[in-house]
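Residue-level structural notes
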Number of protein chains: 4
Amino acid sequence: MIDMQSQRDHRRVEINKVGVKNIEYPITVLDKKNRFQHTVGKVNMYVNLPHHFKGTHMSRFVEILNEYRGTINIKAISTILDKMKEKLNAESAYLDVEFPYFIEKRAPVSGAKSLLGYTCRFFASLNNGRHKLIVGITVPVTTVCPCSREISEKGAHNQRSLVSVQVTFRKFFWIEDLIRIVENSASAAVFSLLKRGDEKFLTEKAYDNPMFVEDVVRSIALRLSAHKNITWFSVESENLESIHNHNAYACVEKEGG
Amino acid sequence: MIDMQSQRDHRRVEINKVGVKNIEYPITVLDKKNRFQHTVGKVNMYVNLPHHFKGTHMSRFVEILNEYRGTINIKAISTILDKMKEKLNAESAYLDVEFPYFIEKRAPVSGAKSLLGYTCRFFASLNNGRHKLIVGITVPVTTVCPCSREISEKGAHNQRSLVSVQVTFRKFFWIEDLIRIVENSASAAVFSLLKRGDEKFLTEKAYDNPMFVEDVVRSIALRLSAHKNITWFSVESENLESIHNHNAYACVEKEGG
Amino acid sequence: MIDMQSQRDHRRVEINKVGVKNIEYPITVLDKKNRFQHTVGKVNMYVNLPHHFKGTHMSRFVEILNEYRGTINIKAISTILDKMKEKLNAESAYLDVEFPYFIEKRAPVSGAKSLLGYTCRFFASLNNGRHKLIVGITVPVTTVCPCSREISEKGAHNQRSLVSVQVTFRKFFWIEDLIRIVENSASAAVFSLLKRGDEKFLTEKAYDNPMFVEDVVRSIALRLSAHKNITWFSVESENLESIHNHNAYACVEKEGG
Amino acid sequence: MIDMQSQRDHRRVEINKVGVKNIEYPITVLDKKNRFQHTVGKVNMYVNLPHHFKGTHMSRFVEILNEYRGTINIKAISTILDKMKEKLNAESAYLDVEFPYFIEKRAPVSGAKSLLGYTCRFFASLNNGRHKLIVGITVPVTTVCPCSREISEKGAHNQRSLVSVQVTFRKFFWIEDLIRIVENSASAAVFSLLKRGDEKFLTEKAYDNPMFVEDVVRSIALRLSAHKNITWFSVESENLESIHNHNAYACVEKEGG
C-alpha cells in the first residue's frame with residue numbers, strides 16, 4: 001500500500017506540532033510513600049514535521065505510549081521523548097500528560113485518614129537536543145477573605161480555591177513537597193474526611209489566617225523564589241468566591257520561563 | 001434521489017426519541033422587566049419513530065428551530081411541539097433548551113446595579129396529545145455551615161452553592177419569581193457587583209442565617225409545596241464545600257412527577 | 001461539641017437524597033482478563049433523611065468509601081449499600097460511580113495491541129430492603145451514513161459515535177460482553193492503534209455496513225431484548241456528525257425500568 | 001470602613017495579573033451583515049498589581065464591564081483597557097472574552113438558510129502603553145482522510161474537525177473573512193441545515209478533496225502568510241477521528257508572536 005504520509009510536500013510550511021491528543025490511558029507514576037501509583041492519564045504526543053514531509057505516522061505515538069505507560073514520571077520522561085524523536089524521524093518531540101495523583105492525608109485533630117486527589121501535569125519537550133520538563137499541580141485549598149473579616153462584626157466569607165503551580169527545576173523532586181508549599185500558603189488545607197473536631201480546628205485556623213487571592217500567589221512565589229532547586233515557576237489561584245458567581249484570580253510568573 | 005429514511009423497517013423496534021442534540025442557537029425569551037431578552041440556547045429536538053419507518057428527517061428539526069427561535073418561551077413552546085409533530089409525522093415530540101438568563105440586581109446596601117446570569121432550562125414534551133412543560137433554573141447562592149459556626153469560636157466555613165429547581169405549574173409564571181424563592185431560602189444571595197458596605201452586610205447576614213444543604217432544599221420544598229400554581233417540583237442543592245474538594249448534595253422531589 | 005446534625009427538625013420534609021458528590025477516588029474493579037483493574041472513579045453517595053433529623057453525617061460516606069474502594073464491582077456493591085444504610089441510620093442508600101475501564105484490543109488485520117478506555121457507570125440503590133443495580137457503559141464506535149452513501153457517487157460521510165447502554169440483569173455478567181454487543185451493532189469498532197492495513201479494512205467494513213443512528217439503537221435493542229440475563233435496558237447513540245456541528249441522537253428504552 | 005486592599009504590602013512581589021474570571025455576561029458585538037449581534041460572553045478582566053499594594057479592587061472590573069458590554073468589539077476594546085488601567089491605577093490591563101458568534105449560511109445546493117455558531121475569542125492587552133489584540137475563532141469543518149481514501153477500495157473515513165485560528169492584524173477586519181479562509185482550507189464546510197441534495201454535494205466534494213490534519217493547517221498558514229493585514233497567526237486543527245476515540249492534532253505558529 002502507498003505510504004501517503006511519507007510523500008513529499010511542496011508547500012514549504014513546517015509544522016510545529018503534529019500528533020495525537022486526548023488519549024485516555026492507564027499509567028503508573030512514582031509515589032513518595034508507596035513507590036508507585038496507578039492512575040489514569042490524558043495524554044497528548046506531538047513531534048514537529050519538516051516542510052518536505054506530507055504527514056506524520058500517528059500510530060507510532062500510541063505504540064510508544066503503550067510501551068512506556070508504566071513509567072510516566074519525572075525521571076523517565078526524557079527517554080520517551082528520545083524514543084518519539086527517533087521513531088518519528090523528528091527534530092522535536094512533545095509529551096503532555098495530566099492525571100489525578102492521590103495522597104493519603106490525616107485530618108489535623110482526629111487523625112482520620114483519607115485520600116485527596118490533586119490534578120498533576122507534565123509538559124515535556126525535546127528541542128534542538130535539549131530536554132525540558134515543566135511539572136504542574138493543582139491544589140484545592142481554603143481561603144478566608146481578609147476584607148470581609150475586617151469589616152464584618154462576625155464571620156467572613158471564604159471559599160474553595162484552586163491553586164495551580166508550574167515549575168522547572170534542577171534535579172528530581174517529589175510532587176508531595178510542592179503540594180506542601182501550596183497548602184502552607186493558604187488559609188487552610190482541604191481534606192476528604194473531617195470529623196467535628198477537625199472542622200472546628202480548620203474553621204478557626206482559616207479565620208485566623210485570612211488571605212486575598214493576591215496573598216496566596218505572593219506567598220507561594222516567595223517560597224519558590226527561595227527554593228534552590230526551582231529554576232522557574234508560575235503560580236495561579238482561582239477563588240470560587242462564595243459571594244459571587246464568578247471567580248477571583250491572580251497569577252505571578254517568574255521571568256525567563 | 002432515494003428517500004432512505006422513509007423506507008420500511010422490519011425490525012419492529014419503536015424508537016422513543018430521535019433527533020438533533022446540542023445545537024447552539026441564538027434565541028429570544030420573555031423578560032419580566034424588558035419584555036424580551038436575547039440569549040443563546042443549547043437545543044435538543046426529538047420525536048418518536050414508529051417501528052415501520054427506517055429513519056427520521058433530521059433537517060426538519062433545524063428548519064423549525066430556525067422559524068421559531070424568536071419565541072422560545074413558556075407561552076409559545078407548545079406551538080413548536082405541535083409543529084414538530086406535524087412536520088415529522090410523529091406521535092410524540094420533545095424540545096429541551098438550556099440558556100443563560102440575565103437579571104439586573106441591585107447590591108443590598110450600595111444599590112450598585114449589575115447583571116447576574118442564571119442557567120434556565122425548558123423540558124417540553126407532547127405525548128398522546130398532552131403537552132407537558134418542566135421549567136428548571138439553577139441559582140447560585142451563599143451557604144454558611146451551621147455546624148462549623150456552632151462549634152467554632154470564630155468564623156464559619158461557607159461556600160458558593162448551586163441550587164437547581166424544576167417545576168411544573170398550572171398557568172404562566174415568571175422565572176424571576178422562582179429565583180426569588182430560592183434566593184430567600186439560602187444564607188444569602190450572590191451578586192456580580194458588591195461594594196464594601198454590601199460585602200459587610202452579606203457576610204453578617206449569611207453568618208446570622210446558617211444553613212445546611214438539607215435546610216436549603218427543605219426551605220424551598222416547603223415554599224413550593226405551599227404555592228398554588230406549582231403542581232410538581234424537584235429541588236437540588238450542591239455546595240462547593242470550602243473545606244473539601246468534593247460537594248455536599250441534597251435533593252427533595254415531590255411525588256407524582 | 002454539639003451534634004447539630006442529630007437535632008430534631010420540625011419542618012416535616014423528608015429528604016430523598018443527601019450526601020457527597022463528585023469525590024474523585026482511586027478504585028479497583030473486576031477485569032475479565034486480568035482479574036482486577038486499578039482505575040479512578042467519580043463517586044456520589046447518598047442516603048435518605050427522615051423528616052425529624054436535621055442533617056446527615058457527611059464524613060461517614062467518605063469513611064465507607066475509604067474502606068471499600070478496593071472492591072467497587074457488581075458483586076460487592078450491595079455490601080457497600082448495606083454498610084451505608086447501617087452507619088447512617090437510613091432507610092435508603094445510593095451509590096453512583098463513573099470510571100474509565102480499559103480493555104486491550106487487537107487491531108483487526110495487523111493484530112497490533114492497544115488499550116481502549118470505555119466510560120463505565122454503576123447506579124446502585126437500596127430502597128425498602130431491595131437492592132437494585134444499573135450498569136452503564138459508553139462505547140465509541142464508527143457510523144457511516146446510509147443516506148449519504150446511497151445518494152453520493154463516491155464516499156459517504158461518517159463519524160465517531162458515542163453509544164451509551166444501561167442495563168439491569170439477573171446474575172453477574174462481564175462489561176466486556178456488553179461492549180461486544182455494542183461494537184457489533186455499529187458500522188465498525190474504534191481502536192487506539194491501527195496500522196495501514198487495519199485502516200483499509202475498517203474503512204471498507206464500515207462503508208459496507210452503513211447505519212443511521214436509528215439503526216444502531218435498534219440493533220442493540222434487539223440483541224438486549226433477546227438476552228435472557230438482561231431484565232431492562234436503555235440504549236442511546238449520539239453521532240458527532242461530520243457534516244454538522246451538532247449531533248444526531250436516538251434512544252430506545254425498554255418499558256418497566 | 002478600612003480599605004484593606006489599598007494597604008501597603010512589604011513582600012516585594014509584583015503580581016502579573018489579578019482580577020475576575022469567568023463572568024458570564026450578555027454582550028453586543030459587531031456583525032458584518034446585521035451591523036450588530038447580541039450574544040453571551042465569558043469574560044476575564046485583569047490588571048497588574050505593583051508590589052507595594054496589598055490588593056486590587058475587584059468590583060471595579062464589573063462596573064467597567066457593565067458600562068461597556070454593548071461595545072465588545074475590535075474597534076472599541078482598546079477604550080475598555082484604557083478605562084481599566086485608569087480606574088484600577090494599573091500599568092497593565094487585560095481583557096479576554098469568548099462568545100458564540102452566529103452567521104447565516106446557505107446550503108450549497110438547496111440554498112436553505114440556517115445559522116451556524118462559531119466560538120470567537122478576543123485577547124486584549126495594554127502593556128507599557130502599547131495595545132495588543134489577538135482575535136481567535138474556532139471553525140468546525142469536515143475532513144476526509146487521504147490515506148484511508150487512497151488505500152481503500154471504497155469509502156474513506158472522515159470526521160468533524162475543529163480548526164482554531166488566532167491572529168494579530170494591522171487594521172479592522174471582519175471575523176467572517178477569517179472564517180471563509182478556514183472553510184476554504186478543509187475538505188468541506190459544515191452547516192446546521194442540509195437537504196438531501198446538499199448532503200450529496202458535500203459528501204462528493206469532501207471525497208474529492210481529502211486532507212490530513214497537516215494539510216488543513218498548512219493551507220491556512222499559507223493563506224494567512226500571504227495576507228497583508230495579518231501580522232502574526234497560529235493555526236490548530238483537532239480532528240475528532242471517526243476510527244479512534246482520540247483526536248489527531250496539528251499546529252503551525254508564525255514566529256514573532
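Residues numbered from 1 in each chain as written. Chains lettered and ligands numbered in written order. Predicted model: local features only at pLDDT ≥ 70, side-chain atom pairs only at ≥ 80, totals over all residues. Heavy atoms only, no water.

**Points about the overall build of chain A**
Broken down by element type, chain A carries six helices and nine strands. Dimensions of chain A, computed from the C-alpha atoms along their principal axes, are close to 75 × 35 × 35 Å. Per-residue burial for chain A yields a buried fraction of 63% across its 257 residues. Restricting to contacts in chain A with at least 6 residues of sequence separation, those with at least 24 account for 64%. (Helix = DSSP H or I, 4+ residues; strand = E, 2+ residues; numbered from the N terminus. Buried < 20%, exposed > 50% of the residue type's maximum accessible area, 1.4 Å probe, protein only. Contact = heavy atoms within 4.5 Å.)

**Considering the environment of Leu162(B)**
Residue position: Leu162(B) is located in strand E6 (residues 158-169). Residues Leu162(B) and Thr143(B) lie 19 residues apart in sequence; the distance between their C-alpha atoms is 9.8 Å. Setting aside anything within four residues of it in sequence, one finds Leu162(B) in contact with Asn245(A), Thr138(B), Val139(B), Pro140(B), Glu236(B), Ser237(B) and Glu238(B).

**Describing the relation of the copies chain D and chain B**
The transformation that overlays chain D on chain B combines an axial shift of 0.0 Å with a rotation of 180 degrees, and the residual RMSD is 0.0 Å. On this basis, the relationship between the two copies can be described by a two-fold rotation axis. Most of the interface of chain D is mirrored in chain B, where 100% of its interface residues are also at the interface. (Least-squares fit on C-alpha atoms with pLDDT ≥ 70 in both.)

**A few points about the packing of helix H1 (residues 58-68) of chain C against helix H2 (residues 77-87) of chain C**
Describing two packed helices takes the angle between their axes plus the distance from one axis to the other. All names here are of chain C. Two elements in contact, H1 and H2, have axes whose closest approach is 10 Å; the angle formed by their N-to-C orientations is 150 degrees. Here H2 runs roughly antiparallel to H1, going by the angle between their axes. Crossing angle aside, the handedness with which H1 passes H2 is right-handed. Contact residues: Arg-60, Phe-61, Glu-63, Ile-64, Glu-67 and Tyr-68 in H1; Thr-79, Ile-80, Lys-83, Met-84 and Lys-87 in H2. Here the contact of H1 with H2 is built from residues that sort into five nonpolar, one polar and five charged. (Axes fitted to C-alpha atoms, helices over the stretch in contact; angles between N-to-C directions. Parallel < 35°, antiparallel > 145°, perpendicular 65-115°, else oblique. Left-handed = near helix turned anticlockwise from the far one by under 90°. Nonpolar A, V, L, I, M, F, W, Y, C, P; charged D, E, K, R; others polar.)

**Considering unusual backbone geometry**
Of note, the phi angle at Asn22(C) is positive, near 65 degrees, even though the residue is not glycine. Here Asn22(C) is to be found in strand E1 (residues 15-31). Look at Asn22(C) and you get partly exposed, because its relative accessible area is 35%. One non-glycine residue, Arg12(D), lies in positive phi territory at about 60 degrees. The exposed category is assigned to Arg12(D), whose relative accessible area is 65%.

**Some thoughts on the interface of chain D and chain B**
Quite often, the size of an interface is put as the accessible area lost when its parts meet. Listed by partner, the interface residues are 27 residues for chain D and 28 residues for chain B. Summed over the three residues of chain D that lose the most area to chain B, namely Met1(D), Leu115(D) and Arg196(D), the buried surface amounts to 23% of that side. Connecting chain D to chain B are four salt bridges. Linking Glu63(B) and Lys195(D) is a salt bridge whose minimum nitrogen-to-oxygen distance equals 3.1 Å. At the surface where chain D touches chain B, the tally comes to 10 residue pairs in polar contact (both at pLDDT 80 or more). Where the side of chain D that touches chain B is concerned, the elements lending two or more residues are strand E1 (15-31), strand E2 (35-49), helix H1 (58-68), strand E3 (93-106), strand E4 (113-127) and helix H5 (196-207) of chain D. Broken down by element, the residue count for the side of chain D that touches chain B peaks at four residues, all from H1(D). For the side of chain D that touches chain B, the per-class residue count stands at 11 nonpolar, eight polar and eight charged. (Buried area = accessible area lost by both parts, 1.4 Å probe. Salt bridge = Lys/Arg side-chain N within 4 Å of Asp/Glu carboxyl O. Polar contact = N/O pair within 3.5 Å; in protein donor to acceptor, adjacent residues only side chain to side chain.)

**A look at a negative patch on the surface**
Side chains of Glu14(A), Glu91(A), Glu253(D) and Glu255(D) sit close together on the surface and give a patch of like negative charge. With respect to the helices and strands, the residue Glu253(D) is situated in strand E9 (residues 247-253). Assessed through its relative accessible area of 43%, Glu253(D) is described here as partly exposed. (Patch = residues over 30% accessible without salt bridge, like charges linked within 9 Å, V, L, I, M, F, W, Y side chains within 5 Å. Areas by Shrake-Rupley, 256 points an atom, 1.4 Å probe, with all protein chains shown as cover. Lys, Arg positive; Asp, Glu negative; His and termini not counted. Charge placed at Lys NZ, Arg CZ, Asp CG, Glu CD.)

**Observations concerning the relation of the copies chain D and chain A**
Note that the two copies of the chain are related through a rotation about an axis and a translation along the same axis. It takes a turn of 180 degrees to lay chain D on chain A, together with a shift of 0.0 Å along the axis; the resulting RMSD is 0.0 Å. Of the interface residues in chain D, 100% have counterparts in chain A that sit at the interface too, so the contact is made through matching surfaces.

**So, the pattern of salt bridges**
Applying the stated criterion to the full structure yields 64 salt bridges over all chains. The partner of Asp177(A) in a salt bridge is Arg180(A), with the nearest N and O atoms 3.5 Å apart. A residue pair is termed a helical-turn pair when its members lie 3 or 4 positions apart in one helix, as Asp177(A) and Arg180(A) do in helix H4 (residues 175-183) at three residues. By relative accessible area, Arg180(A) is classed as partly exposed at 48%. In this structure, Lys32(B) and Asp177(B) form a salt bridge, with 3.0 Å as the shortest nitrogen-oxygen distance. Note that Lys32(B) is positioned in the loop between strand E1 (15-31) and strand E2 (35-49) and Asp177(B) in helix H4 (residues 175-183), a separation of 145 residues in sequence. On the basis of relative accessible area, Lys32(B) is assigned to the partly exposed category, the value being 42%. Counted as one network, the salt bridges with shared partners bring together Asp9(A), Arg11(A), Lys54(A), Asp215(D) and Arg218(D).

**Observations concerning the interface of chain D and chain A**
The interface of chain D with chain A comprises 50 residues on the first partner and 50 residues on the second. Buried area between chain D and chain A, both sides added, is near 4,000 Å², and the carbon and sulfur share of it is 60%. Remark: the boundary between chain D and chain A carries eight salt bridges. Residue Arg218(D) pairs with Asp9(A) through a salt bridge whose shortest N-O separation is 3.5 Å. Put simply, chain D and chain A have 30 residue pairs in polar contact (both at pLDDT 80 or more) between them. Where the side of chain D that touches chain A is concerned, the elements lending two or more residues are E1, E2, H1, helix H3 (146-151), helix H6 (213-225) and E9 of chain D. Of all the elements, E1(D) adds the most residues to the side of chain D that touches chain A, at nine residues. Across the side of chain D that touches chain A, the residue classes break down as 27 nonpolar, 11 polar and 12 charged. The pairing of strand E1 (residues 15-31) of chain A with E9(D) spans five bridges and is antiparallel. The residue of E9(D) that forms the bridge with Gly19(A) is Tyr249(D). (Pairing = 2+ DSSP bridges.)

**Things to note about the environment of Val97(B)**
All names here are of chain B. With respect to the element layout, Val-97 can be found in strand E3 (residues 93-106). The exposure class assigned to Val-97 is buried, which follows from its relative accessible area of 4%. Taking the C-alpha atoms as reference points, Val-97 and Ile-23, 74 residues apart in sequence, are found 9.4 Å from one another. Beyond its immediate stretch of four places on either side in the chain, Val-97 contacts Ile-27, Gly-41, Lys-42, Val-43, Ile-72, Cys-120, Arg-121 and Phe-122.

**Some words on the packing of helix H4 (residues 175-183) of chain C against helix H6 (residues 213-225) of chain C**
Residue and element names in this part refer to chain C. Between H4 and H6, whose axes approach to 9 Å, the crossing angle comes to 135 degrees. Classified by the interaxial angle, the pair formed by H4 and H6 is oblique. Residue-level inspection shows Leu-178, Ile-181 and Val-182 of H4 in contact with H6, the latter providing Ile-220, Arg-223 and Leu-224. Split by residue class, the contact of H4 with H6 holds five nonpolar, no polar and one charged.

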